[in-house]
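# Chain and residue survey
Residue-level listing of the chains:
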Amino acid sequence: QEERLRKIVKYCYEKVPIYKRKFKRAGITPDDIRTLDDLEKIPFTEKEDLRKAYPYGMLAADLSDVLELHASSGTTGHPTTCAYTKSDLNVWAKVMARIYASAGTRKGDIVQNAYGYGLFTGGLGFHYGALEIGATVLPIAAGETERQLSLAKEYGTTILACTPSYAAYLGRYAREKMGINLAKKLKWKSGLFGAEAWSEELRERIEELLGLEAFDIYGLSEVIGPGVSVECSEHDGLHIHEDYFLPEIIDPKTGERVKERETGELVLTTLTREATPVLRFRTGDTTLLKMDECSCGRTLLRMGRVFGRADDMLKVRGVKFWPKTVEHALLRVNGASENYEISIQRPEELDIMNLRLEPSKELFESVGGDLSKLQTLAKEVEEQVKSIVGVKANIELVPYGTLPRFMGK
Ligand code: DLL
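For every chain, the first residue of the written sequence is number 1, and numbering continues from 1 along that sequence. Side-chain atom pairs in this predicted model are given and counted only at pLDDT of 80 or more, local residue features only at pLDDT of at least 70, and totals for whole chains, interfaces and linings cover all residues. To get the side-chain values, all heavy atoms of the structure are used, and hydrogens and water are removed first.

Attention shifts here to the nonpolar core. The criterion is simple. A nonpolar core is a set of buried Ala, Val, Leu, Ile, Met, Phe, Trp, Tyr and Cys residues joined through side-chain atoms within 4.5 Å. Relative accessibility decides the category of a residue: with a 1.4 Å probe and only protein chains considered, values under 20% of the type maximum give buried, values over 50% give exposed, and everything between is partly exposed. Leu-192, Val-223 and Val-228 are the most contacted members of the largest nonpolar core, which totals 59 residues. By definition, any uninterrupted DSSP run of H or I lasting at least four residues is a helix, any uninterrupted run of E lasting at least two residues is a strand, and each is numbered from the N terminus. Ranked by the residues each element gives to this core, the list is headed by helix H4 (residues 86-102), at seven residues. Contacts were defined at the residue level, with two residues in contact if any of their heavy atoms lie within 4.5 Å. When near neighbours in sequence (up to four residues on either side) are disregarded, Val-223 contacts Val-228, Phe-245, Leu-268, Thr-270, Arg-273, Val-278 and Phe-281. Within the second largest apolar cluster, 52 residues are counted, among which are Leu-160, Cys-162, Tyr-169 and Leu-355.

Helix axes are fitted to C-alpha atoms over the stretch in contact, other axes to C-alpha atoms as well, and angles between N-to-C directions run from 0 to 180 degrees. Orientation of helix H6 (residues 145-155) relative to helix H7 (residues 164-177), taken along the N-to-C sense of each, is 80°, at an axis distance of 10 Å. As the angle between them shows, H6 and H7 are arranged roughly perpendicular. Within the contact between the two elements, H6 uses Thr-145, Glu-146, Gln-148 and Leu-149 and H7 uses Tyr-166, Tyr-169, Leu-170, Tyr-173 and Ala-174. An angle counts as roughly parallel when it lies under 35 degrees, as roughly antiparallel when it exceeds 145, as roughly perpendicular when it falls between 65 and 115, and as oblique in every other case.

The peptide bond linking Tyr-54 to Pro-55 adopts the cis configuration, its omega dihedral lying at 0°. By the element assignment, Pro-55 lies in the loop between helix H3 (47-52) and strand E1 (66-71). At Ala-141, a residue that is not glycine, the phi angle is positive and equals roughly 65°. Topologically, Ala-141 is positioned in the loop between strand E4 (136-138) and H6.

A separate point is the packing of aromatic side chains. Pairs were defined over the aromatic rings of Phe, Tyr and Trp, the Trp ring being its six-membered one, requiring ring centres within 6.5 Å. Orientation was assigned from the angle between planes: stacked under 30 degrees, edge-to-face over 60, tilted for the rest. The full count for this structure, using the stated rule, is ten aromatic pairs. Taking 5.9 Å as the distance between ring centres and 85° as the angle between the ring planes, the aromatic pair formed by Phe-193 and Trp-198 counts as edge-to-face. Given a relative accessible area of 2%, Trp-198 falls into the buried group. With a centroid separation of 6.3 Å and an interplanar angle of 50°, the aromatic rings of Tyr-244 and Phe-245 are classed as tilted.

So, about helix H10 (residues 323-330). An α-helix turns once per 3.6 residues; consequently, residues spaced three or four apart project the same way. Every buried residue belonging to H10 is among Lys-324, Val-326, Glu-327, Ala-329 and Leu-330, and all of these are buried. Residues of H10 that are buried sit in contact with helix H9 (200-210), strand E16 (319-321), strand E17 (336-345), strand E18 (352-359) and helix H12 (375-389).

With that settled, the discussion passes to the pairing of strand E19 (residues 393-397). Judged by which residues are buried, E19 turns out to be one-sided: Ala-393, Ile-395 and Leu-397 face inward and are buried, whereas Asn-394 and Glu-396, on the alternate face, are not. In terms of strand pairing, E18 meets E19 through five bridges, oriented parallel. Directly across from Arg-356, in E19, lies its bridge partner Glu-396. A pair of strands is treated as paired once DSSP finds two or more bridges between them.

Take the pattern of salt bridges next. What makes a salt bridge here is a side-chain nitrogen of Lys or Arg within 4 Å of a carboxyl oxygen of Asp or Glu, nothing more. Within the structure shown, the criterion is met by 34 salt bridges. Where Arg-147 meets Glu-144, a salt bridge forms, and the shortest distance between an N and an O atom there is 3.8 Å. Residue Arg-147 is classed as partly exposed on the basis of its relative accessible area of 44%. Assessed through its relative accessible area of 55%, Glu-144 is described here as exposed. Between Asp-292 and Arg-261 there is a salt bridge, with its nearest N and O atoms 3.1 Å apart.

Structure, rendered in structure tokens:
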């Protein structure tokens, strides 16, 4: 790691003017970075730096050596560019192959890749990894649910890769619209789910609906795409491929490093990236690091599951929480579906949290669609949310199937 760090720091300094300026302002040169501890001297790279540098300002390699370009969706202002040289694509394929291996995939498996193909890095990242490991890939992309299910059956796909929300949707769709129990019908043994935050409760539901073992996969375009870290069969944190991505956890307010197992913002440094390397990139994602060895035998350190992005965090009457915490609370209640919508109103000084929730299809039908008969469900959800999240929510039950579903990320 130190060898790679010294090399990438020098490379960034020489090739990307933004890094040279940052180093000058901090009064350092690449020679000041000798050990992993010296990393702390380097100024952070922020998403805003990448936005300002759009389209090619962060490029360290010659454009003619870039084989692939991805642009992240820019919800505010410019998007950001993530570029890959041949060597970057090889690294991507390699870390994705490790991810597949961790989830028990090998040659002979058929991967149903239902991540979006295109500028989103999910589709191609999972594609390259499957090829690298020698598995067969069905590049079906997201959407067309009935086709997903019929191809899964006809081709006998064994691995499902998609967002966790789409996985749950697939399971429900099959059960409720087609009367099929996928857990019995398909050969799926592992699911590789990521790109968004999801709770342990959702994992249980997905595993039950689809009859597979669900693995959490983490990554981000600015660093590589999917491929930064993955759960092993212990499901106790995600092993980071720290030979390629050097992790730190900082206090987002002070920028200081926190102690092991303390929660903070994940910061990543790419150790080998040629096209768009990042030094101390602030991911905005909240998690923690665990250094102890995992019983699976891997020596790579682990990060906790991501609670959510710092900018997704909600604050209601002074209590901070992520949507995922609400999901965790409401999925504990029997009869609550995983389709919900949170909105916060700020009428005067006191915030109000509204939670629109669909009951499960069975429950909804058992009362003939009469939501007024489901007041116990609303009450129970309210109590769980109050006790787990710490805020009162106004629960509004809505008919099953009325909230929007999302196929992609
Ligand atoms: O979402 C890469 C990816 C694709 C990862 C497929 C896993 C599977 P971006 O579109 O750049 O890249 O979004 C990255 O998504 O900073 C997190 O906030 C969130 N995210 C990604 N994976 C997870 C996860 C891809 N497993 C942003 N749990 C990240 C929670 C996740 N959040």
